[in-house]
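Residues per chain are reported as follows:
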Amino acid sequence: MTSQISPGEKNHVILEIETAAEELALEYRLAVKKLGAKANIPGFRRGKIPQAVLESFIGVEVLLHEAADALVQRDYPAAVKEHMLKPLGKAEVEIVQLAKEQPFIFKATVMVEPQAKLGQYKGLTGKKLTRKASEEDIDRAIEQKRQRLAKWTEAAEDAVLAKGDIAIFDFAGIKDGIPFPGGSAEDYSLEIGSGRFIPGFEEQMPGMVIGGERILDLAFPENYSEPSLAGEAVQFKVNLKGIKQKELPELDDAFAQEVSETADTIDQLREETRAKLDEDFAGQSEQTWRNQVVIDAVANAEVDIPLIMIEKRMDDLHYDIVERLRQQGIEPEDYPEKIGIAEHELREQNRSEAEIGVRLGLVMTAIVLEENIELSEEDLEKELTKLAESQNQPLAVIRQAVEKSGYINNVIDRLKLDKAMELICDTAVIMEEEYDPEADPETDSEEDTEEDTEI
């Protein structure tokens, strides 16, 4: 078998494949045997029909096409492998020559992964922020530890409900003077300020006292998951039955010893926290500039992405999400009720991420080819060793499994793409800049968490 490749229209290539007449003759004889075993010709037993009789009965063309189909199934994959193609779909086959005692020639037109046209990917500028932990950073980190050790205690009878307290209450929702389904509960516990209820509910409760009642005038969000309530004005009658208040531990040496394995005093805890924050900030800064130069390299390239690649990546991302939700006991038919979105809408949300992922892969693949990046046996063994350790299996067993399944090629391709990203970072020019907290203020704005809203 010999093959030649030529470019086709828009991400397609054309393979012209020729098979020797002797190989066609062999497949022709096999076709005679195969179809002869099925043919029902008066006067002949199946499997005992002479070739000339069978040719006369079903036709030479039928036998030739049977042979041709077998050769296409054999030779097309071989040509794809020979030319290192990555087909994106089924090939369109055109028979060019098919006759007895002649070479068999056919063309296969198939869409393949496009090759990105690279822009600048070496010598890109990376901005590296240098940040040291401030006293405010340390205070914030220690306060988070303190909050995790908080205990909830019953408040006094005369306590006044405030943000951060847990309210125990009954509530009943009314729309147009009529209670609506799912709008009521008894002895409900809610941390005020958690954002679990619709906007305005928790904001109107502070100031209540135990035994007190209050009417809350509210409106459901326009995008609320229950269509009959979306955007509708309602009232909630609330009866406060109890308050739990947060009791925080003292910031003393005992607290330091409880939250740390090494610190004996609060001062030592602050220094330990400072060192940990400095390490975290350095790691974040390193990852940020590395991500940015890779993003810049991708942005500098030109690539026409076939829609089929984006859809395939969307399917992969969607499968992962569906499996995670299924592990939580949420099936696709439950999505509208449980997470406020239909399955097809959930899949569509992955489109942007899918396109970014495909573009990144194509650009890195182009760099691998441009730089002739190869993988050493040492690199491969190191990766397989990590895989073996993660699965608690001997290296030899893992290697045999990935080679037998063909997964070894995925591992090699991924490691080559990693090397392409490393090349971008290794050749980047790093500009250090002092971190400015004013230019990167921490935000305390509440995010839209409709899927967590309980009513």
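For the structure, see preceding data.
This structure is a prediction, so every number in the text was calculated from the model and none was measured.

## Focus on the overall build of the protein chain
Okay, step 1: For the protein chain, the helix and strand inventory stands at 13 helices and 11 strands.
Okay, step 2: Computed over its C-alpha atoms, the radius of gyration of the protein chain comes to 34 Å, more than 25% above the 23 Å expected for a compact globule of 455 residues.
Okay, step 3: Principal axes of the C-alpha set define a box for the protein chain whose edges measure 105 × 60 × 45 Å.
Okay, step 4: Buried positions account for 34% of the 455 residues belonging to the protein chain.
Okay, step 5: Considering only contacts within the protein chain whose residues lie at least 6 apart along the sequence, 68% involve residues at least 24 apart.
Okay, step 6: By element, 49% of the accessible surface of the protein chain is carried by carbon and sulfur atoms, the whole surface being about 27,900 Å².

## A few points about unusual backbone geometry
Okay, step 1: Residues other than glycine seldom take positive phi values, yet Lys10 does so here, at roughly 40 degrees.
Okay, step 2: One non-glycine residue, Asn372, lies in the positive phi region at around 55 degrees.
Okay, step 3: Given a relative accessible area of 55%, Asn372 falls into the exposed group.

## A few points about the nonpolar core
Okay, step 1: Core analysis: the largest hydrophobic core is formed by 30 residues, its most contacted members being Val293, Ile305, Val363, Met364, Ile367 and Ile424.
Okay, step 2: Mapped by element, the contributors of at least two residues to this core are helix H6 (266-300), helix H7 (307-327), helix H10 (351-371) and helix H13 (407-426).
Okay, step 3: Looking at which element gives the most residues to this core, the answer is H10, with 8 residues.
Okay, step 4: Each residue touching Ile367, except ones within four places of it in the same chain, is listed here: Leu118, Tyr121, Asn372, Ile373, Ala420 and Ile424.
Okay, step 5: The next biggest cluster of nonpolar side chains, apart from the first, holds 29 residues, and it includes Ala39, Ile41, Leu64 and Val80.

## A word on the environment of Thr262
Okay, step 1: Along the chain, Thr262 falls in the loop between helix H5 (253-259) and H6.
Okay, step 2: Assessed through its relative accessible area of 59%, Thr262 is described here as exposed.
Okay, step 3: Spatially, the C-alpha atoms of Thr262 and Glu272 are 8.5 Å apart, while their sequence positions differ by 10 residues.
Okay, step 4: Not counting residues up to four positions away in its chain, the partners in contact with Thr262 are Gln268 and Glu272.
Okay, step 5: Here Glu272 takes part through its side chain, which lies 2.4 Å from a polar atom of the side chain of Thr262.

## Section: the side chain of Asp137
Okay, step 1: Position of Asp137 relative to the elements: it lies in helix H4 (residues 135-148).
Okay, step 2: A polar contact is formed between the side chain of Asp137 and the side chain of Arg131, at a distance of 3.2 Å.
Okay, step 3: Once residues lying within four places of it in the same chain are set aside, the contact partners of Asp137 are Arg131, Lys132, Leu277 and Phe281.

## Looking at the environment of Ala233
Okay, step 1: Secondary-structure assignment places Ala233 in strand S10 (residues 233-247).
Okay, step 2: Ala233 sits in the exposed class, given a relative accessible area of 53%.
Okay, step 3: For the pair formed by Ala233 and Pro221, sequence separation is 12 residues and the distance between their alpha carbons is 9.6 Å.
Okay, step 4: Residues within four places of Ala233 in sequence aside, it is in contact with Lys175, Leu218 and Ala219.

## Things to note about H7
Okay, step 1: Here H7 is 21 residues long and its end C-alpha atoms lie 30 Å apart, about the 30 Å a rise of 1.5 Å per residue gives.
Okay, step 2: Taken residue by residue, H7 has Met309, Ile310, Met314, Leu317, His318, Ile321, Val322 and Leu325 as its buried positions.
Okay, step 3: Those residues of H7 hidden inside the fold are in contact with helix H8 (335-338), helix H9 (343-348) and H10.
Okay, step 4: Taken from the residues just after H7, Gly329 is the one with a positive phi, measuring 85 degrees.

## A closer look at the packing of helix H2 (residues 51-58) against helix H3 (residues 60-82)
In a pair of packed helices, the angle between the axes and the distance between the axes together describe the arrangement.
Okay, step 1: Following both chains from N to C, one finds H2 and H3 inclined at 100 degrees, their axes separated by 6 Å at the closest point. Between H2 and H3, the crossing angle belongs to the class labelled roughly perpendicular. Counting all contacts with H2, which are made through Leu54, Glu55 and Ile58, the residues of H3 involved are Val60, Val62 and Leu63.
Okay, step 2: A per-class count over the contact of H2 with H3 returns 5 nonpolar, no polar and 1 charged.

## Some words on the pattern of salt bridges
Okay, step 1: Under the definition given, this model contains 34 salt bridges.
Okay, step 2: Residues Glu286 and Lys128 are paired through a salt bridge, measuring 3.4 Å at the closest nitrogen-oxygen approach. On the criterion of sequence distance, the pair formed by Glu286 in helix H6 and Lys128 in strand S5 (residues 125-130) is long-range, its members being 158 residues apart.
Okay, step 3: For Glu286, a relative accessible area of 26% gives the class partly exposed.
Okay, step 4: In this structure, Arg146 engages Glu143 in a salt bridge whose closest nitrogen and oxygen atoms are separated by 3.3 Å. Remark: Glu143 and Arg146 occur in helix H4; sequence separation between them is 3 residues, near one turn of the helix.
Okay, step 5: Because the salt bridges share partners, they merge into one network encompassing Glu135, Asp139, Arg270, Glu271 and Arg274.

Cut-offs applied
- Residues numbered from 1 in each chain as written.
- Predicted model: local features only at pLDDT ≥ 70, side-chain atom pairs only at ≥ 80, totals over all residues.
- Heavy atoms only, no water.
- Helix = DSSP H or I, 4+ residues; strand = E, 2+ residues; numbered from the N terminus.
- Rg over C-alpha atoms; globule rule 2.2 N^0.38 Å.
- Buried < 20%, exposed > 50% of the residue type's maximum accessible area, 1.4 Å probe, protein only.
- Contact = heavy atoms within 4.5 Å.
- Areas by Shrake-Rupley, 256 points an atom, 1.4 Å probe, with all protein chains shown as cover.
- Core = buried A, V, L, I, M, F, W, Y, C linked by side-chain atoms within 4.5 Å.
- Polar contact = N/O pair within 3.5 Å; in protein donor to acceptor, adjacent residues only side chain to side chain.
- Expected span 1.5 Å × (residues − 1).
- Axes fitted to C-alpha atoms, helices over the stretch in contact; angles between N-to-C directions.
- Parallel < 35°, antiparallel > 145°, perpendicular 65-115°, else oblique.
- Nonpolar A, V, L, I, M, F, W, Y, C, P; charged D, E, K, R; others polar.
- Salt bridge = Lys/Arg side-chain N within 4 Å of Asp/Glu carboxyl O.

Such coordinate-based values are descriptive only and should not be taken to indicate function.
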